[in-house]
Amino acid sequence: MKASSKKIVKNLKNDIWICLKLTIIFGVVFTLINQAFTIKEAGLVFLFSAMYSFVLGLGNGVINDYLSERWDWVSQTNQRVWAGIITTISYTIVAVLLIHYVQYFVIFNNNIDNFFRGQFLWMHLFAIILSLAIAVFFHAKGFMVNWKASVKQETTQHEIVAKTETAKFETLKSQIDPHFLFNSLNVLTSLISENPKQAEKFTTKLSKVYRYVLEQRNKELVPIQEELQFAKTYMELLQMRFEEAVQFNIPEEVSNPDLKIVPLSLQLLLENAVKHNVVSSTKPLEVKIFEEDGFLKIQNNINPKEAIGKSTKVGLRNIADRYGLITDRNVQIVNNNKTFTVCLPLLINIKNSIMDTKSLENSNYVKAVEKVEKLKEFYQNLVSYCIVIPFLIFINLKTYSKFQWFWFPMIGWGIGLFFHYLEVNNYNLFLGKNWEERKIKELMDDDKNYK
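Fair warning: this is a prediction, and the values are worked out from it, not measured in the lab.

1. Some details on a nonpolar patch on the surface
Moving on, step 1. Judged by side-chain polarity, Ile 18, Leu 22, Ile 25, Phe 26, Val 29, Phe 30 and Ile 33 come together as a nonpolar surface patch covering roughly 600 Å² of accessible area.
Moving on, step 2. For Phe 26, the position within the fold is in helix 1 (residues 2–33).

Structure follows, in structure tokens:
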């Protein structure tokens, strides 16, 4: 609620600033055109400019922001369109008539009986249509902005799924690495003959490691406490394998139980530490995990293996990519040639950060894009109509007012616009709404029954 209020206030300030600039620009332009160089004349010009800018511009801006807040352009398109049409037309008519009343009948003291007669009637009509054209432009702009944001979000969500699945694959591949499994089974074989109780503990911890992998593989974020407990189990498993050659320090408690990290990220980092460093009694691997400055830091000493070859850094890249898709905070890597530290951002659960894979697979994304393209064409048509027709009316009345030919393009184009709107919403006057889909389903059902 607070975020919404801040957004409304911010939009209002922006609209006021725009209206102020328009007042100044139009005031200067019409002062020069009308040569209103006295203080009184220039003051009236700027007053009228402010009336049109603030009453019409700011009013329609506030309406646009309110309607966009109330109804989403993408998911509630029909409600938003109809609400925009009704409120914008109603407000614009009232606002124009009010401005003209103050301008022509209060300030210039014309006869109020002529308010809806002669040239005043045409002035009202011209101002209303022109104002509606501008309002339609801004409504269409708002629609396009929201549509682009929606498409960008949809694309990002597809990216998230792709990156997440890739990362999960790499994690599982690393977990079930044959070399790691082979070494673990060798250790287990030795322990069975030498120390059956230790072998039992080793088997229990090994099963916990793989069970945790299976449990967490479909999760987006996991509590830091769970991941630390898993890391401890995993390090104990490595300690049974390498004995005193592996030393670790993992915290028992966390500062905030609501903090979360990407699942299985610790395992990848710990496995990398073992993979890329010498692990021996003379050169033990020392691993330290701790919280600091909003990060969970995984640090190990550096004793590089000579025959390891160049690192592909697939694990680190996947972790960084997954964080990059759900937060602006980046994974940090610090290597000072003595210690290697990876800093994972600690997050509070991000609502709707990642769309479920199944919901993406079942989405009507393609249909939505097609409908948006049709809506774009309709709004372009509507904006053109609202701009061209007023100028045709103006030209007709100024050049030859006895024959009002502007009615023909206005009505003809208007009918075409009406049927265009019905087409966008998949409605037919004679066959009803969604008749094409209903007919396709009917034919498919008939074909199925025939078979």
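2. Describing the pattern of salt bridges
Moving on, step 1. One pass over the structure, following the stated rule, counts 3 salt bridges.
Moving on, step 2. Glu 236 is the partner of Lys 205 in a salt bridge, and the nearest nitrogen-oxygen pair spans 2.5 Å. Linking Lys 205 in helix 6 (residues 196–216) with Glu 236 in helix 7 (residues 224–242), this pair joins segments that are 31 residues apart in sequence.
Moving on, step 3. Of the residues examined, Lys 205 reaches a relative accessible area of 19% and is grouped as buried.
Moving on, step 4. The residue Lys 297 makes a salt bridge to Glu 292 at a minimum N-O spacing of 2.7 Å.

3. A closer look at the pairing of strand 6 (residues 332–335)
Moving on, step 1. Relative to strand 7 (residues 339–345), strand 6 runs antiparallel, the two sharing 4 bridges. Bridge pairing links Gln 332 to Cys 343 in strand 7.
Moving on, step 2. The antiparallel hairpin formed by strand 6 and strand 7 contains 3 residues in its connecting segment, where Asn 337 sits at a positive phi of about 70 degrees.

4. Examining the packing of aromatic side chains
Moving on, step 1. Enumeration according to the criterion identifies 10 aromatic pairs in this entry.
Moving on, step 2. Residues Phe 105 and Phe 115 carry aromatic rings whose centres are separated by 5.1 Å and whose planes lie at 50 degrees to one another, so their mutual orientation is tilted. One end of the pair, Phe 105, is in helix 3 (residues 77–107); the other, Phe 115, is in the loop between helix 3 and helix 4 (118–175), and 10 residues separate them in sequence.
Moving on, step 3. Its relative accessible area of 6% is what places Phe 105 among the buried residues.
Moving on, step 4. Aromatic ring contacts, followed pair by pair, group Tyr 101, Tyr 104, Phe 105, Phe 115, Phe 116 and Phe 120 into a single cluster.
Moving on, step 5. Seen from the ring of Trp 71, Arg 70 lies directly overhead, with NZ or CZ sitting 4.9 Å from the centre.
Moving on, step 6. Sitting above the plane of the Phe 295 ring, Arg 329 keeps its charged end 4.8 Å from the centroid.

5. Concerning helix 8 (residues 265–276)
Moving on, step 1. Taking 1.5 Å of rise per residue, the 12 residues of helix 8 would be expected to cover 16 Å, and the 17 Å separating its terminal C-alpha atoms lies within 8% of that figure.
Moving on, step 2. In terms of burial, helix 8 is a largely internal element, 9 of the 12 residues being buried.
Moving on, step 3. Turning to helix 8, its buried residues number three or more, namely Ser 265, Leu 266, Gln 267, Leu 268, Leu 269, Leu 270, Glu 271, Ala 273 and Val 274.

6. As for the sheet that holds strand 1 (residues 222–223)
Strand pairing in a sheet relies on backbone hydrogen bonds, with the paired strands running either antiparallel or parallel.
Moving on, step 1. In spatial order, the strands read 1-3-8; together these 3 strands make up an open sheet with antiparallel pairing. For this open sheet the edge positions go to strand 1 and strand 8 (347–348), each flanked by a neighbour on one side alone.
Moving on, step 2. Sheet topology note: the strand 1/strand 3 (residues 259–261) ladder contains 2 bridges and is antiparallel. Looking across to strand 3, one finds that Pro 223 is bridged to Lys 260.

7. Notes on unusual backbone geometry
Moving on, step 1. Of note, Asp 293 is a non-glycine position whose phi angle comes to about 55 degrees, a positive value.
Moving on, step 2. Within the element layout of this structure, Asp 293 appears in the loop between strand 4 (285–292) and strand 5 (295–301).
Moving on, step 3. The class for Asp 293 is exposed, based on a relative accessible area of 66%.
Moving on, step 4. The residue Asn 337 is not glycine, and still its phi comes out positive at about 70 degrees.
Moving on, step 5. Mapping Asn 337 onto the fold places it in the loop between strand 6 and strand 7.
Moving on, step 6. Residue class for Asn 337 comes out exposed when judged on its relative accessible area of 66%.

8. Brief notes about the sheet that holds strand 6
Moving on, step 1. Ordered by their spatial adjacency, 5 strands build an open sheet running 2-4-5-7-6, and the pairing between neighbours is mixed. Two strands bound the open sheet, and with one partner strand each, they are strand 2 (246–249) and strand 6. Neighbour to neighbour, the strand axes of the sheet diverge by 15 degrees on average, direction disregarded.
Moving on, step 2. Where helix 7 meets the sheet, it contacts strand 2, strand 4 and strand 5, and its direction lies at approximately 160 degrees from that of strand 2.
Moving on, step 3. Strands strand 4, strand 5 and strand 7 of the sheet are contacted by helix 8, whose axis makes an angle of about 15 degrees with strand 5.

9. Points about the pairing of strand 7
Moving on, step 1. The buried count for strand 7 comes to 5 of 7 residues, which makes it a mostly enclosed element.
Moving on, step 2. As judged from the 7 bridges shared by strand 5 and strand 7, these two strands associate in the antiparallel manner. Paired with Asn 301 across the strands is Thr 339, a residue of strand 7.

Conventions adopted
- Position numbers for residues count from 1 along each chain, tracking the sequence in the order it is written.
- Thresholds applied to this predicted model are a pLDDT of at least 70 for local features of residues and 80 or more for the giving and counting of side-chain atom pairs; totals over whole chains, interfaces and linings are not thresholded and use all residues.
- Side-chain metrics rest on all non-hydrogen atoms present in the structure, leaving aside hydrogens and water.
- Surface patches are defined over residues having more than 30% relative accessible area and no salt bridge, joining like charges when they lie within 9 Å and nonpolar side chains (Val, Leu, Ile, Met, Phe, Trp, Tyr) when within 5 Å.
- Note on areas: these come from Shrake-Rupley sampling with a 1.4 Å probe, and a residue is covered only by the protein chains present in the view.
- For salt bridges, the criterion is a side-chain nitrogen of Lys or Arg within 4 Å of an Asp or Glu carboxyl oxygen.
- Where helices and strands are cited, they refer to DSSP runs of H or I of at least four residues and of E of at least two residues respectively, numbered from the N terminus.
- Relative accessible area decides the class of each residue, using a 1.4 Å probe on protein chains only: under 20% of the type maximum gives buried, over 50% gives exposed, and in between gives partly exposed.
- If DSSP finds at least two bridges between two strands, the strands pair.
- Centres within 6.5 Å are what make two rings of Phe, Tyr or Trp a pair, Trp counting through its six-membered ring; a difference in plane orientation under 30 degrees is then read as stacked, over 60 as edge-to-face, and the rest as tilted.
- The rule for a charge over a ring is simple: NZ of Lys or CZ of Arg within 6 Å of the ring centre, and within 35 degrees of the ring normal.
- Expected span, for any helix, means 1.5 Å times one less than how many residues it has.
- Lines are fitted to the C-alpha atoms to define the axes, a helix being fitted only along its stretch in contact, and any angle between axes, read from their N-to-C directions, falls within 0 to 180 degrees.
- Contacts are assigned to residue pairs that have any heavy atoms within 4.5 Å of one another.

Fair warning: the whole summary comes from geometry, so function is off the table for now.
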